[in-house]
Amino acid sequence: MALAVILALSLTAACRSSSSETVLRFWAMGREGEVVVDLVREFERAHPGIRVNVQQLPWTAAHEKLLTAFAGGTTPDICQLGNTWIPEFVALKALEPLDRYVATSSVVQAGDYFGGIWDTNRVDGSLYGVPWYVDTRLLFYQRDLLLRAGFSAPPRSWQEWKQMLDAVAKEGRADRHAILLPLNESEPLLALALQQDEPLLREGGRWGNFRSHGFRRALAFYLEMFQRGWAPLLSNAAVSNVWTAFGRGDFSFYVSGPWNIGELKRRLPPAQQDTWMTAPLPGPTGPGASTAGGSSLVVFRSSRHRTAAWQLVEFFSQPSVQRRFHALTGDLPPRRATWNDGALVDDVHARAFREQLERVKPAPRVPEWERIATEMRLVAERLVHGELSVDRAATELDARADRILEKRRWLLARRSE
């Protein structure tokens, strides 16, 4: 009887403890979802009243699962969200605005974040996410091949880049190319387009603006690299091992992202580690802009634990935690303070990314952008295969974008009535 009483009291105490505990549901994608558990345990030790359940989602299924969860009222408290997805979930009124949280935070300091990355989280003047890690595109290049062609430094403008591409192409073997621009990737063309003064969409994202002078100039430069034989008409799938091909000099330039720093360090033999380097993207007349990609942390409006979820956002936003997160994933941190210490300072291949992040621009912040980017890639592929001229490609892309944006125009018109 005494033992039964003791057990009953213990169970009652356990139930009380459990009921007083806040449980956060955190959804994270890909590699980040695999490694974040160790950091979450540190957060829990510092916040004994909060427990975090991490659910790891594959990127291929994440978007559909999030939409299904929203429709069913089962969204998590906090989530990793690709920053190009944020406008879509803002349009659904699924995300909690974060301006008031940032205004009183001693951790999340807007001025310390790279401006272009921070802006990807602002829609219609309000903040809906805090950058977790960043992604952009720049040049990976073969230093020895440039030296052989007579250049001791990477290009800083389109004109210098053209000179180097032409010289490298003339120096190389017949089966080598000056640059790899995979036709199944839209990011290189998007980066060239973002370097222009004109926006890609006009009138508040209601219409395409691809017939603008700036986009046609970017499209013409992109086409020139194929017409002059500097870039092969290939997709990534046609290159059996892009790292080996780059290491042996099959191409001198490659426009890619930060994950390839780790890949090249792992995959190339020691003798080739000093042959490659990174550099910011050249622009039309000088150092150019590039894409502002990556993932952010968002709080869902339906969460009953928004204050606790914000505490987790603040924890991940600390420079010391961001450094550990970089060590676990290789993802680049979004705060300048995080770059001032640790392994990133000594990583010669990461320095160009640090410089490039000061010149990144967000893609148009409309829910339809990813569909428009797909059409941009498809039209560009027809362009380089000779099916369209630059002017016809720009006109075709405007027409496709305008069809995609038709519902947006209708909704905005009704809102203004």
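Refer to the structure presented above.
From a predicted model like this one, the values you see are computed outputs, not experimental measurements.

**Some words on the overall build of the protein chain**
Summing up its helical and strand segments, the protein chain has 19 helices and 15 strands in all. Relative to the globule expectation of 22 Å for 417 residues, the C-alpha radius of gyration of the protein chain, 24 Å, shows essentially globular dimensions. Taken along the three principal axes of its C-alpha coordinates, the protein chain extends 90 × 60 × 35 Å. Residues classed as buried in the protein chain amount to 53% of the 417 residues present. The contacts in the protein chain between residues at least 6 apart in sequence include a share of 76% that link residues at least 24 apart. Per element, the accessible surface of the protein chain, about 18,900 Å² overall, is 51% carbon and sulfur. Separation of charge centres in the protein chain, based on 51 positive and 47 negative side chains, amounts to 3 Å.

**Quick look at the nonpolar core**
W161, I179, F210, Y222, F253 and W369 are the most contacted members of the largest nonpolar core, which totals 56 residues. Setting aside residues up to four positions removed in sequence, F253 forms contacts with L139, F140, Y141, L146, P155, W161, M164, L165, A178, I179 and L180. Counting residues in each nonpolar core, the second largest holds 32 residues, with L24, Y101, A308 and V313 among its members.

**Here we look at the sheet that holds strand β11 (residues 251-256)**
In spatial order, the strands read β8-β11-β7-β12; together these four strands make up an open sheet with mixed pairing. Taken across any chain shown, the strands that pair with only one partner, and hence form the sheet edges, are β8 (177-180) and β12 (276-279). In this sheet, adjacent strand axes meet at a mean angle of 20 degrees when their direction is disregarded. Here four bridges tie strand β7 (residues 138-142) to β12, and the two strands are oriented antiparallel to one another. Bridge pairing in β12 links Y141 to M277.

**What about the sheet that holds strand β6 (residues 130-135)?**
Sheet architecture is open: five strands sit in the order β2-β1-β3-β14-β6, paired in mixed fashion. Edge strands, defined here as strands with exactly one partner in the open sheet, are β2 (50-57) and β6. This sheet shows a mean twist of 20 degrees between the axes of neighbouring strands, independent of strand direction. In terms of strand pairing, strand β1 (residues 22-29) meets β2 through eight bridges, oriented parallel. Note on β2: the bridge partner recorded for W27 is Q55.

**Regarding unusual backbone geometry**
Backbone geometry places K93, a non-glycine residue, at a positive phi of 60 degrees. In this structure, K93 sits in the loop between α4 (86-91) and α5 (99-103). Classification of K93 as exposed rests on a relative accessible area of 59%.

**Details of the pattern of salt bridges**
Taken as a whole and assessed by the stated rule, the structure comprises 28 salt bridges. Between E21 and R51 there is a salt bridge, with the nearest N and O atoms lying 3.1 Å from each other. Here the residue E21 occupies a position in the loop between α1 (2-19) and β1, and R51 occupies one in strand β2, the gap between them amounting to 30 residues. We classify E21 as partly exposed; its relative accessible area is 29%. A residue is classified by how much of its surface remains accessible, and R51, at 34% relative accessible area, is partly exposed. Ionic pairing is found between E396 and R400, a salt bridge with its closest N-O pair at 2.8 Å. You can see E396 and its partner R400 sitting in helix α18 (residues 390-404), four residues apart, about one turn around the helix. The exposure class of E396 is partly exposed, given its relative accessible area of 25%.

**Things to note about the pairing of strand β14 (residues 293-299)**
Here is the key point about a regular strand: its side chains alternate between the two faces of the sheet. Here β14 lies mainly inside the structure; seven of its seven residues are buried. By the alternation rule, side chains of β14 split into G293, S295, L297 and V299 and G294, S296 and V298, which are all buried. In terms of strand pairing, strand β3 (residues 78-82) meets β14 through five bridges, oriented antiparallel. For I78, the partnering residue across the bridge sits in β14 and is V299. As paired strands, β6 and β14 are joined by five bridges and run antiparallel to one another. The partner of P131 across the bridge, within β14, is S296.

The rules behind each value
- Each residue is numbered by its place in its chain's sequence as written, counting from 1.
- Only residues with pLDDT of at least 70 get local features here, since the model is predicted, and only at 80 or more are side-chain atom pairs given and counted; chain-wide, interface and lining totals rely on the full set of residues.
- The side-chain numbers reported here are obtained from all heavy atoms of the structure, hydrogens and water having been left aside.
- Here a strand is any run of E in DSSP of at least two residues, a helix any run of H or I of at least four, and the numbering for each starts at the N terminus.
- Values of the radius of gyration come from C-alpha atoms, whereas the globule rule sets the reference at 2.2 Å times the count of residues to the power 0.38.
- Each residue is placed in one exposure class: buried if its accessible area under a 1.4 Å probe, protein chains only, is under 20% of its type's maximum, exposed if it is over 50%, and partly exposed if it falls in between.
- It only takes one pair of heavy atoms within 4.5 Å for two residues to be counted as in contact.
- Residue-level accessible areas treat just the shown protein chains as cover; the underlying method is Shrake-Rupley with a 1.4 Å probe.
- Neither His nor the chain ends contribute to the count of charged residues, in which Lys and Arg are positive and Asp and Glu negative.
- Positions of charges follow a simple convention, taking NZ of Lys, CZ of Arg, CG of Asp or CD of Glu.
- Here the nonpolar core consists of buried residues drawn from Ala, Val, Leu, Ile, Met, Phe, Trp, Tyr and Cys, with membership extended through side-chain atoms lying within 4.5 Å.
- Between any two strands, pairing holds if DSSP finds at least two bridges.
- Here, axes are lines fitted to C-alpha atoms. For helices the fit covers the stretch in contact, and angles between N-to-C directions go from 0 to 180 degrees.
- The working definition used for a salt bridge is a side-chain nitrogen of Lys or Arg within 4 Å of a carboxyl oxygen of Asp or Glu.

Distances and angles like these do not, on their own, reveal function.
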